[in-house]
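# Residue-level structural notes
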Amino acid sequence: MVLKVFFPSCCSSAESGILIGRWISEQNSAVILAVVHFPFIPVQVKQYLSEVQRVTKVSVSVLGSWSNSKQEKEESLSEFLEDLGTIFSHEPWIQISKEGDSKFWSCSTLQKHSNSPKEDEIILVYYDQRKVMLSHLHPPSDTAASTDHKADDASELSAIFDTVAKSRILFMTDRYDDGPIKLTHWQSDGVEASIIVELMKQASVPACMLLTFLLSLISGVCRSRVLKFWPLSFLWSKLSTCEQLGHRLQHLQVISINKKAQNQTQLMRKANIFVSLLIDVALGILLMSWLYRKNRIGHLADTLIPVADHVAEELQDLLQWLMGAPAGLKMNRALDQVLGRFFLYHIHLWISYIHLMSPFIEMILWYVGLSACLGLTVALCILSDIIALLTFHIYCFYVYGARLYCLKIYGLSSLWRLFRGKKWNVLRQRVDSCSYDLDQLFIGTLLFTILLFLLPTTALYYLVFTLLRLLVVIVQGLIHLLVDLIDSLPLYSIILRLCRSYRLAAGVKFRVLEQQDGKPLRLLMQINPLSYGSVVQTYRLPTYSCYPKDSWASLCKKLFLGELIYPWKHKGDKQD
């Protein structure tokens, strides 16, 4: 049977003593955590280990002895180390010795109560204790397709990583402590800490309390009845700026909680949200400083009115083209003139509205620029809302054309059922047979003919304004895609993967150090970091969406039937 001994590489130069760690009987492996040096009192060692076991909930015990002699090994020392097995009584008792500058170590086991004379084959595995303790082992992503052998390997690695991570209190004792027990581990030369980090931890407590109080006030205002009345409730639900502010408010509530994170997932989520907020605000401040430098706000306001006039003139030219013979098509002249003049009148109203607002546009943009201090995502959402307001006339044209087209499509489908002796049963939501008299068939034929010959004219207007609406939706979609990317990208996890890749472990790999007959096989365990794609997939933050998630099939169906795509106001569910 193979016995695996996981030995910390930081203890390779430790003085002689005893090995303390955890014995995993299911896997026939031992995880060495530290070395206790001579001299020591066995009773004090047992008391110390029982205290560690009570705090960490890990069954830490004395597993064997460690001998490091640069000279020839003394016979009295070897006998003393063997006698320690009777005092601590662990089965099996592991003896590891390093003689001089030899590359090969000797490792053996003593089993006093075993009847099998055959000695176990020993594999000595070195591991970096600091990296294993700070890393988080992620389960394989394809657990459903993994074999039982891979699952057993993952559980064995998880037991090793958990043992080292939970024994953090064991590494808080260094060689400068005045206690009766001297240990060697990765922090033997001094506990690793940072004064800046400790000061930030102390300062974060009152800051979090103040932030929690302010957020509770803001949440109370948002939940008040004032925002539930129309039109405030409509604007709060439709403007992407309000949605983004509510999303960031939830993020602030998450990171301002005084409770400590319960697991690694909550800790990484808080860290990712904090870094995302920090970078978002930093980019927003850079954008604000760029806008207010060299009077760029004034230049932007002076450019906005001519651009709006140019767009209105292009729309007028497009309507004049549609009122003629577009692409050589013969349209219904009466309907064409009515629709063209109707839309031209709306453009005239829109131009008058823009020129009425022109004296206040620079002041509006000046205050909008200040909102960039809340973050780049807030500024992008405001830009999306401004585009939506400036293209509101295009949206109105699209709604008018879509309603007319949809009315004719549904009218033609209903009259087509009339010819076949069918009708739509509203109560049962199905098509039933029905008998019609001669007058109903005559009226249905007239209406069908009228709607059929008017359909090309309506369809052309609907097609043109739908393309314009889709152009606006694509621009807004690109802006919201950038906002979702900033909101959902786990920046802290990506930076951690880039700078300290061992913190996010996907598994381990083993490299053979030395192999010789009669000596234990020596392996070096190295951590395989998680890939960048897996990091993004695992720690990606949830986002919001202002629009419903439509598939390509449902989107094409809506376009063909004339139903509104991404409307400002959704139809409520009808109840009988």
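Residues numbered from 1 in each chain as written. Predicted model: local features only at pLDDT ≥ 70, side-chain atom pairs only at ≥ 80, totals over all residues. Heavy atoms only, no water.

Per an unreviewed UniProt entry, the chain goes by Phosphatidylinositol N-acetylglucosaminyltransferase subunit Q and derives from Balearica regulorum gibbericeps.

## Regarding the overall build of the chain
The helix and strand inventory of the chain stands at 16 helices and 13 strands. Burial analysis of the chain (576 residues in total) assigns 40% to the buried set. Counting only contacts in the chain whose residues sit at least 6 apart along the sequence, the fraction spanning at least 24 positions is 72%. For the chain, the accessible area works out to roughly 34,200 Å², and carbon and sulfur atoms hold 62% of it. (Helix = DSSP H or I, 4+ residues; strand = E, 2+ residues; numbered from the N terminus. Buried < 20%, exposed > 50% of the residue type's maximum accessible area, 1.4 Å probe, protein only. Contact = heavy atoms within 4.5 Å. Areas by Shrake-Rupley, 256 points an atom, 1.4 Å probe, with all protein chains shown as cover.)

## With respect to the pattern of salt bridges
Using the criterion set out here, one finds four salt bridges in the structure. Notably, a salt bridge pairs Arg54 with Glu51, separated by 2.4 Å at the nearest N-O pair. You can see Arg54 and its partner Glu51 sitting in helix α1 (residues 42–56), three residues apart, about one turn around the helix. Owing to a relative accessible area of 39%, Glu51 belongs among the partly exposed residues under this scheme. A salt bridge links Arg248 to Asp280; its shortest N-O distance comes to 3.1 Å. Residue Arg248 is found in helix α7 (residues 240–255), and its partner Asp280 is found in helix α8 (residues 264–291); the two are separated by 32 residues along the sequence. Take Arg248: its relative accessible area is 7%, and that puts it in the buried class. Residue classification places Asp280 among the buried positions, given a relative accessible area of 1%. Via salt bridges that share partners, Arg248, Asp280 and Asp487 belong to a single interconnected network. (Salt bridge = Lys/Arg side-chain N within 4 Å of Asp/Glu carboxyl O.)

## Structural notes on the UniProt feature "transmembrane region" (unreviewed entry) in the chain
Residues annotated by UniProt as "transmembrane region" (unreviewed entry) correspond here to residues 203–222, 273–292, 338–357, 364–391, 397–419, 440–464 and 470–495. For the annotated span residues 364–391, helix accounts for 79% and strand for 0% of the residues, and the straight-line distance between the end C-alpha atoms is 17 Å. Its end C-alpha atoms 35 Å apart, residues 440–464 is made of 100% helix and 0% strand. (UniProt positions renumbered as here; feature names shortened; annotations may be inferred.)

## Focus: the packing of aromatic side chains
Within a pair of aromatic rings, the relevant descriptors are the distance that separates the centres and the angle that separates the planes. A complete count under the given rule lists 15 aromatic pairs for this structure. Relative to Tyr367, the ring of Trp366 lies with its centre 5.3 Å away and its plane at 85°, an arrangement referred to as edge-to-face. By relative accessible area, which is 54% here, Tyr367 ends up exposed. Ring pairs connect the aromatic residues Phe342, Phe343, Phe397, Tyr400, Tyr461 and Phe465, which therefore count as one cluster. The positively charged end of Arg497 is found above the aromatic ring belonging to Tyr532, 4.5 Å away from the centroid. (Phe/Tyr/Trp six-rings, centres within 6.5 Å; stacked < 30°, edge-to-face > 60°. Lys NZ or Arg CZ within 6 Å of the ring centre and 35° of its normal.)

## Focus: unusual backbone geometry
The backbone of Asn28 sits at a positive phi, close to 55°, despite the residue not being glycine. Tracing the chain through its elements places Asn28 in the loop between β2 (17–24) and β3 (29–37). Of note in this structure, Asn295 is not a glycine but carries a positive phi near 55°. Topologically, Asn295 is positioned in the loop between α8 and α9 (296–322).

## So, the packing of helix α14 (residues 491–499) against helix α15 (residues 532–539)
As a packed pair, α14 and α15 sit with axes 9 Å apart at the nearest point and diverge in direction by 150°. Here α14 is positioned roughly antiparallel relative to α15, judged by the angle of their axes. Pair α14 / α15 crosses with right-handed handedness. Each of Ser493, Ile494, Arg497 and Leu498 in α14 lies in contact with α15, whose residues at this interface are Tyr532, Val535, Val536 and Tyr539. Residue composition of the contact of α14 with α15, grouped by class: six nonpolar, one polar and one charged. (Axes fitted to C-alpha atoms, helices over the stretch in contact; angles between N-to-C directions. Parallel < 35°, antiparallel > 145°, perpendicular 65-115°, else oblique. Left-handed = near helix turned anticlockwise from the far one by under 90°. Nonpolar A, V, L, I, M, F, W, Y, C, P; charged D, E, K, R; others polar.)

## Thoughts on the state of the cysteines
On inspection of all chains with the given rule, the structure shows zero disulfides. In this model Cys11 remains outside any disulfide bridge; the closest cysteine sulfur is found in Cys10, 4.1 Å from its own. (Disulfide = S-S within 2.5 Å.)

## Here we look at the pairing of strand β7 (residues 121–127)
Where burial is concerned, most of β7 is hidden: six out of the seven residues are buried. Bridge analysis of strand β1 (residues 2–8) against β7 gives seven bridges, and the strand direction is parallel. The partner of Leu3 across the bridge, within β7, is Ile122. When β7 meets strand β13 (residues 521–529), the two strands line up parallel, connected through four bridges. Bridge assignment links Tyr126 to a residue of β13, and that residue is Leu524. (Pairing = 2+ DSSP bridges.)

## Some remarks on the confidence of the model for the chain
Of all residues in the chain, 83% have pLDDT values of 70 or greater, and the mean over the chain is 81. The spread of mean pLDDT over the elements of the chain runs between helix α2 (residues 75–88), the lowest at 64, and α14, the highest at 92. Below pLDDT 50 for its whole length, residues 570–576 participates in two contacts with residues either more than four positions away or in separate chains. (pLDDT = per-residue confidence, 0-100.)

## Remarks on the environment of Asp128
Within the secondary structure, Asp128 sits in the loop between β7 and α3 (129–134). Separated by 399 residues in sequence, Asp128 and Ile527 place their C-alpha atoms 9.1 Å apart. At a separation of 3.3 Å, a polar atom in the side chain of Asp128 contacts the main-chain amide nitrogen of Arg130. (Polar contact = N/O pair within 3.5 Å; in protein donor to acceptor, adjacent residues only side chain to side chain.)

## Focus on the side chain of Ser135
Position of Ser135 among the secondary structure elements: in the loop between α3 and β8 (136–137). For Ser135, a relative accessible area of 9% translates into the label buried. Polar contacts involving the side chain of Ser135 include one to the main-chain carbonyl oxygen of Val132, which spans 3.1 Å. Those residues in contact with Ser135 that lie beyond four places of it in its chain are Phe161, Tyr502, Arg503, Ala505 and Ile527.

## Some points on a nonpolar patch on the surface
A surface patch of nonpolar side chains, about 610 Å² in accessible area, is lined by Phe360, Met363, Ile364, Trp366, Tyr367 and Leu370. Here Ile364 shows up in helix α10 (residues 333–370). (Patch = residues over 30% accessible without salt bridge, like charges linked within 9 Å, V, L, I, M, F, W, Y side chains within 5 Å.)

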